[in-house]
Structures are given as C-alpha cells and as structure tokens.
Amino acid sequence: MSTMTINGQSEPLPDDADALLVDVIRDRLGLTGTKLVCGSGVCGACTVLLDGEPVASCLLPALMAAGKSVTTIEGLGHEKLHPVQKAFMAHDGLQCGFCTPGFIVEAAAFCDHWRAAKGTAVPSRDDIAAALSGHLCRCGAYEGIFRAVADACAGRFDAGDVRAPRIEARDKVTGAARYTVDIRHDGQLEGVILRSSVAHAKITGLDLEPARAIAGVVAVVSLLGDDRVVRYVGAPIAAVAATNRSTALEAIAAIGVRREELPAVIGLDAARLPEAPVVFEKAARKYAGNVSEGGSSPAAWNGNVRGPTAAFSQGAKRARAWLSEAREARNPLLVDATFRVSTQSHACLEPHAAVARFDGDRLTVHVSTQAVYEVMEKIAKRYRLGHDKVRVIADHVGGGFGSKGSLGVETIAAIELARAAKAPVRVAFDREEELSVTGYRPAAEIKVAMLPSAEGNLKALSLTAHADTGAATSSTIAALARLIYPAEAKELADFDVISNLPPGAPFRGPGGPPMAFALEQAIDEAALRMRLDPIALRKRWDGDPNRQRLYEWAEGLEVWRNRKQAAAQSGRFRRGVGVASGYWLYLWQPGSSITLAIKGGRIVASTAAQDIGTGTRSVIANTVATEFGLEPKDVEVRIGDSNLPEGPGSGGSRVTASIVPPTLAAIAKLKAAIEKSAPRTPAAGSNAPWRELIATAPDLAVSAERPKDNRPAPGISSPLRQAGFMGMVFGWMMRTFNNIVVGAGVPSSVQVMEVEVDTLLGHVRVLNAFTGLAIGRLAAPQLAHSQAVGSVIQGIGYALYEARETDVRTGHVLSSGMDDYRIPGIADMPRCEVHFDEQGFDHVPGGGVGIGEVATIPTSPAIANAVRNAIGVRMTEIPIRPDRLIAALKGRAAA
Ligand code: FES
Ligand code: FES
C-alpha cells in the first residue's frame, strides 16, 4: 500500500486509481480545512502543498502523492502561524472564509519563494495578482489579500502576535472553522437528489425499488409536490441516502421515472409570446418561488406574465400623457431607452448543504443558512414539531448573498432521508446544482422614459421592468424608482415573466442593481442633454440628506474634477469617469434578542443570528467591548444556533440594525447587575474598572429585545411615508407578514468609477473605484470597509462579466461550472477608496445600519456611465462584453 506524509504524519493512500487527493484529505483524514468548490481547478479552494509546491487537490489523483509530503492549511499553521496567516488576520483578507485556506496555502508558498529570492522587497499588486490568479473569492476580499501578501513578504508579520478585526479570523486562517459541508457524524450517510432532465413534465410513475435494491443504499424518498409536475431542468424528483456518494449517484440513476412531457417555454422573450405554453395554471401558482425579500403583492396573470404591480406609481396617467406628448414633439430633453441586464448567479463558494440527525424525537440540522432561527421555525411548522424539538446550527457559512434565506430542498431532503434511514444524512449540492438551481438575480428588460421640464426639474418618469424570473414571481425593480428622484408624475410597472427555468431568488438588494443600471444611466443621459454636470443634476433632483452629503464628497474627488468631456479622447485606450447613486431601505427585525452573561469572569453574548461573512460576531463583540472598555477578543460571542435567543436573519442588511440596539440595552442591564452583585468596588483610579468588576462578578445573565428607535431628527423620515398611502401599506405588509420594520432614514451610496476601455479588443477595466456610503456609525469599521469593497467587486462582476447561459431549446443551464460562469478574480480588483459618512442614523440605538445591499447597487451604472464618458457610446446591456462594446462602437461609427 502506498503512503504519503501529510502534515508530518505518514498516512496510507487508497489503491483506487480514481480517488482524488481532495477526497482523501477531507473524507478519509477529516482535514476539512481544505475546501472543495469547483472541482475543476478553477477556484483554488482545494490548494495544498505537494513537496512544497501548491497543487489543486481536486484534480490530483491521490496516488500521485505517494512517497511525497503534503501540507494542508492545518499543517501550515500547526506549530505557529505563518506570517501570511497573521497578515490575512490583520488586514481582514477574508469574509466568509471559505476560500481562505486555499488562498493562504498558495500565498504562503509565494511568500516563502519571494523571501528566498528577494528578501523583504515588497511585491507589486501585479506580482501578487499573478501569484493568486488561480483563486476566486466570491465575497471579494481581494483588497485585504493584496495588503496581507505584500506585508507578509515585506517581513512585517514575522514576529509577534496579531490583532484581528474579525474575531473568528484565527479559525478561518487555520482551517479550524467548521462549515456545514464539514460536519461528519458517526454513521453519516450521503444524500443525493434526482433531478428532472426535462424542462416541463408530469411525473406519472416513480419506481424507487431499483434504487433501494442497491447495496449501500439506506433510504430513498420522493420529493415530488402534490401535483407531480416538474417545471424546470433540475427540479427535484427524489432523493437517495447511501453509505457514500458514488453509491447514491448510482442509485438515483436506477430510479424508474415515467413522465408525460409537457410543452415548455424558456426565457423572457419566448415566454411573453401569446402562444407560449403556460408554466403555472391558476391552481399551481402556489408552487412559484419568490425573488424578492418581502412578501408577494397580488397581481393579475396573463399567461406567463404576472403584473403589472404598479402600486408605487404616482400620477401614472399624467406621466404617460406627458411622455407621449414629448415623444410626438421630439422633445430633445426626453430620454427614452431600453436597458437589459443579465442573470447573476450567487455562486456562493460553500454550496447549499444540510446535515440532519434525529435523536429520538429531537431533530438537529446543520444548515448553510442565512437565517438559523427562521429556518428552525419553518422546519418545526413543516414537520409539526415543537420549537424545542428542532435545532438549527450554522457555525460558519460560506457565503449566501440572499440565496440561503429560506428552507431549501437540500434541508428538506436531508431531513426526509435522515428520518427514513434512521441515521444522519448530509446533502451537499455539487457545483452544477449550485450554479443551476439555487436561484439567481433575474435578467430583466427595463424601459425608461425620463422627461425634464423646461425649468430643469424632473417632470415625468416611467419605468417598466419585465424580469426573467423562471419558475418564480414577485420581482421588484421599477417600484424602487419611487424612493429616489421625486417627479411630478411617475409610472412604475413591474412584470414577472415566468418560464420553465429554475426559480430566481433574492440576491443582494433584490431589484436594486437592475433598477439603478437603467435609472442612473437615464439620469446621466439627461445631464448630457441638459448640459449639466451629472452630480450637479443629482443634487438638484435628489433631496435625500444622506446622498446630498455624498454628492458633496463625490464632487470634491480629484478624479471627478479632472475628468474629460465625454468622448473627448481618441486612440485605442480611452479613460472615462462615471457616477451613480444607490439606496436601500433601513430594515430591522422585531423580536431580535440577545443574552449577555458573565460566565467564569468573562462576558458571553448569545443570539441566534449567523455570520455569512458579514461580521456578525465582530459587530457584537465590538459593541460590548467598547461599552466595557475591553478588547473584542475578551468577549465570547455565541451565534449560529437556533437554541439561542431569537436573532435576525441575514437578509436586507438587517443584522446590524437588529442586533446592536438590543445589545446596547442588554449592556445597560448587565452593568447594573454587575454593580449590584460586585463583591467589591474597583480599586481607586483603576484604568479598567469594568474589567475588574467582570473578573470578580458571579455568574449571571440578562437579556434584551430590540427596542424601538428614537424619534428621528427633523427632515429624516421613513421613505415609505414619501411614497404615500401605498408606501404605508407596504410597510404594514412587511411588518405583518415578514416581521420586518422599515425604519426612518435611507442608507445611501454614491460611487465614482474610473475605467479604461480598450477600443480595439472591447475590454473594459475598472482602474479606480470610489465608494461613498452613508450608513451611520460603524460598529466594526474595518469589516464595514471589507464589505464595501467586496460589494464593489461583485458589482463589477455584474457589470462586466457575469451571465448565466441557458439552452433556449431544452432549458439546461450551460454555465454550470465555474469555468463557464466568470466571477471576478483578484486581477479584476481596482484600487478602491471607501468614504463613510457616519451621520443620519442617530435615532437608531447604536447609530448605524447595514451595508451589504446598498454598497453594490450603483456599481454597474457607474461603470456604464464611465464607459459612456470614455467612448461616447452608451452601453445599454450588461455584462458589457467585448463583443457588445465593439458592436456598439461600430454602430456609432456607422451612424
Ligand atoms: S476545488 Fe479545486 S480548484 Fe476549485
Ligand atoms: S471570503 Fe472568499 S469566498 Fe468568502
């Protein structure tokens, strides 16, 4: 039998020539720091050192390691942390942490080679980007990674320990952080889902017995809905649990499926045709998914087109009449354009996964989820169990971006299989499932008409959005245009176009990026026609006090002051600068609670929230530490467990605003309790009185629930008030059906982008990104910075690269591997400057709100406006692919 030395220990290798090194490392040796993401050598998450050189262990047959030395992330940091690990911690070169082990292993090898050859010389950004170009981070932690690798190479982390702004950073840089896919119980089975291979069919027969007959198969269950209809390729049909994945895969292939194929229709254009086959007949509409974070407003259906939902219109008839008059009169100020945005996949690096286990009548489910508490409630309801019988755990979550907010089929399948098998079962999606059936930001066609008045005000605005929602409804794109740029009249209409594609899902600021891509380009176009500076026009038309301050900041940027007139350049490479605005609602979740306890002389904070990379632990630790004069590491934060006090879901940027206020309330109670029970008062003149009191306090605990906000300052109100009666109705619905309050004040962003366009090859490169954010006071400043930069790079992906491709004949998703679905890499990261404006939310206890959504909304239009500034051509469709740009340039030349 062959052996390898792994992290200094000799281990046998399987004789199986097909066994991959990554599987041996993770499954046989339990070294789960090494991650499996793409399985095709694209993302670098599985990187280990083989005789000191980085290799992708997902591509390497395990027997190739025979007689060699393998180092995984666990081995790298075993004795003492490598300087690269410390540097990643200090510079926050991580968010969810799922890509981090792979990055660190590669960066450590680079750093060691660099140091051997060049001493402490500092590598350039290009050197670092080249070294790490085989790695992908969906959270976009690239800016911190650049700084970390440069400083580690320069020897700045050779000695001493390190202060990390993210309190769980050490676990993430050493591979100790455990994600759902890493959970392994004794006797755990592997679950796999049989999915539909056709886009629309009625399943008339399902024979599970052949699968049950296969040795190693323990349970087989049906996942069909009552109507037994599958409406997209990849719809779940059945699931199998077996002793290993290959047996489970063999078993699902053995299941007998008889089906009656039904006519199918794929995509936005085909589904709108009057003769298109209907996806959801009236009785079946309840099976449709939901692409928004709020509830679903009632709307008419016409075949596959649902809508309009137009409750946020204001004087729609007037708007229509004025716009058509302007068209007839060929009013030169009228902006009339159609924009198209592509489908964006969440592409979380940790796939959707669940591990279910029954202990008697108690069910424990590890889920990669954005909402531990809510998923516990949904499981309890679905299976008619008491809350005390269900426990949902998500210690670490490898990204979500909106796609992991509900009770998913991976969790249902794991539970059903575990119940049938009477054994723990793990269901973890493979990359094809992850990029096909876990949701996406829908593509959309958005028609905009914008009419400035002769006096220079915004007279009329019309937005009509048709969203390509697949087997889902409730897109909200046009409606979001109500809460920015007030006009005399607005007509805002949203339509869902349903087809036999997998359902879309909420994605970071649902509806915001497509709305901004269209609206912010229309504003830019209006400014050109009115011969006004685009920021000056926004200042005139947009009265929001938060954005007014951001406009002042943006106007002062050197890159803005020095920008050239539109299309003033010639030559192959042309630079341009563009601006765009964005906003999101300030949301918080009533009932969010926290318990603060003293245990053994240490503060322990507990809440059933989760951390999907956004820094929940650090926000809580910082808040507590600041009030008690401690270091954040002195506070133990327990989250990710539904047995803890009810916490908020991570969606709609609501965690910070939901959890900081009760934390502050609990701190006040804890201080009183400590003082009351203190055996003695602190020494006179103590510079750490609370530290002394806490160290000697008996064990005790206090809890607090999210209090209401204070009265906001004059001029700050709920944006829904500005939207009139329907705004109030929307607010009531959010509160009643979603347990979410829309608060006063508007989280806002203004971004300025500088791009370089290669007019020969059609490439666009973002050189510099300036992002201004008004989200109030920052609970964890460095992590807020990381999120801001990560949002920008995700927006760059949306603007320039990302597009899901489908086969319009069959409904198969073609871009189902990470080699086909292009997300930004480290070399795509521009230099990024972040400006935080910390005013505007003093009425919120703690003074701050969330950042995740608002920071990504203006990126794509700011880039498109910069491209327009560079080449004089407006790109109306994203991603701005080279072929589209060249075609647009040629169209202009031809005209
Ligand atoms: S998992 Fe091996 S490179 Fe992506
Ligand atoms: S930190 Fe890189 S994928 Fe999340």
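These notes cover the structure that comes with them. From a predicted model like this one, the values you see are computed outputs, not experimental measurements. Per chain, the residues get numbers from 1 upward, laid out in the order the sequence is written. The lettering of chains begins at A and the numbering of ligands begins at 1, in the order of writing. Local features in this predicted model are restricted to residues whose pLDDT is 70 or higher, and side-chain atom pairs enter the listing and the counts only when it is 80 or higher, whereas totals over whole chains, interfaces and linings include all residues. Values shown for side chains rest on all heavy atoms present in the structure; no hydrogens or waters enter the calculation.

1. Quick notes on the layout of surface pockets
With a 1 Å grid laid over protein atoms only, a set of points is called a cavity when a 1.4 Å probe fits there but cannot get out and a pocket when it is open yet has protein on both sides within 12 Å along at least five of seven lines; lining residues have an atom within 4 Å of a point. Grid points are joined across faces, edges and corners, and a volume is the space filled by probe spheres set on the points. Put simply, the second largest pocket is a space of about 990 Å³. Of all the secondary-structure elements, those providing two or more residues to the lining of the second largest pocket are α1 (21–28), β6 (189–195), α9 (245–254) and β20 (425–428). Of the residues forming the lining of the second largest pocket, the biggest block, 6 residues, is contributed by α1. Within the lining of the second largest pocket, the residues separate by chemical class into 15 nonpolar, 5 polar and 13 charged. Secondary structure follows DSSP: runs of H or I at least 4 residues long count as helices, runs of E at least 2 residues long count as strands, and numbering of each begins at the N terminus. Throughout this entry, Asp, Glu, Lys and Arg are counted as charged residues, while Ala, Val, Leu, Ile, Met, Phe, Trp, Tyr, Cys and Pro are counted as nonpolar. The remaining residues, Gly among them, count as polar.

2. What to know about the environment of E209
Note on placement: E209 falls in helix α8 (residues 209–212). Whenever two N or O atoms come within 3.5 Å, that pair is a polar contact, provided that in protein one can donate a hydrogen and the other can accept it, and provided that, for residues adjacent in sequence, both atoms are side-chain atoms. Engagement of the side chain of E209 in a polar contact is seen with the side chain of R212, the distance being 2.7 Å.

3. Focus on the side chain of Q589
When you line up the elements, Q589 lands in the loop between β27 (587–588) and β28 (593–599). Side chain to side chain, Q589 and R654 meet in a polar contact 2.8 Å long. In what follows, a contact means two residues having at least one pair of non-hydrogen atoms within 4.5 Å. In this structure, Q589 is in contact with E646, G647, P648, G649, R654, S658, R706 and N739, ignoring residues within four places of it in sequence.

4. Notes on the sheet that holds strand β8 (residues 217–222)
Paired strands are those between which DSSP finds at least two bridges. Pairing within the open sheet is mixed, and its 7 strands lie in the order β8-β10-β6-β20-β17-β18-β19. The open sheet has two free edges, formed respectively by β8 and β19 (390–393), since each of these has just one partner strand. Averaged over all adjacent pairs, the angle separating strand axes in this sheet is 20°, with direction ignored. Alignment of β6 against β20, held across 3 bridges, turns out to be parallel. Following the sheet pairing, G191 is matched in β20 by V427. Fitting a line to C-alpha atoms yields each axis, with helices limited to the stretch in contact; the angle taken between N-to-C directions then spans 0 to 180 degrees. The sheet contacts of helix α12 (residues 372–382) involve β18 (362–367) and β19, and relative to β19 the element is tilted by about 145°.

5. Quick notes on the sheet that holds strand β15 (residues 335–341)
Here 6 strands make up an open sheet; going across it, the order is β13-β14-β25-β23-β22-β15 and the pairing mixed. Unpaired on one side and paired on the other, β13 (301–302) and β15 mark the two borders of the sheet. Inspection of the sheet shows strand β23 (residues 458–470) paired to strand β25 (residues 489–498) by 10 bridges, in the parallel sense. Paired with S462 across the strands is E491, a residue of β25. Against the sheet, helix α11 (residues 316–328) makes contact with β15, β22 (443–452), β23 and β25, and its axis sits at roughly 95° relative to β25, the strand it touches most.

6. Observations regarding empty space enclosed by the protein
A full pass over the atoms with the stated rule returns 8 cavities of 30 Å³ or more. Roughly 480 Å³ of volume is contained in the largest cavity. What lines the largest cavity is a set of 34 residues, among which T614, S653, Q787, I851 and G852 lie closest to the centre. If you tally residues by element for the lining of the largest cavity, the top one is helix α24 (residues 781–800), at 3 residues. When its residues are assigned to classes, the lining of the largest cavity shows 13 nonpolar, 16 polar and 5 charged. Of the pockets and cavities examined, the second largest cavity occupies roughly 100 Å³. Along its surface, the second largest cavity is lined by 15 residues, and V291, P442, S475, P510 and G511 are the ones closest to its centre. Grouping the constituent residues of the lining of the second largest cavity by class yields 9 nonpolar, 5 polar and 1 charged.

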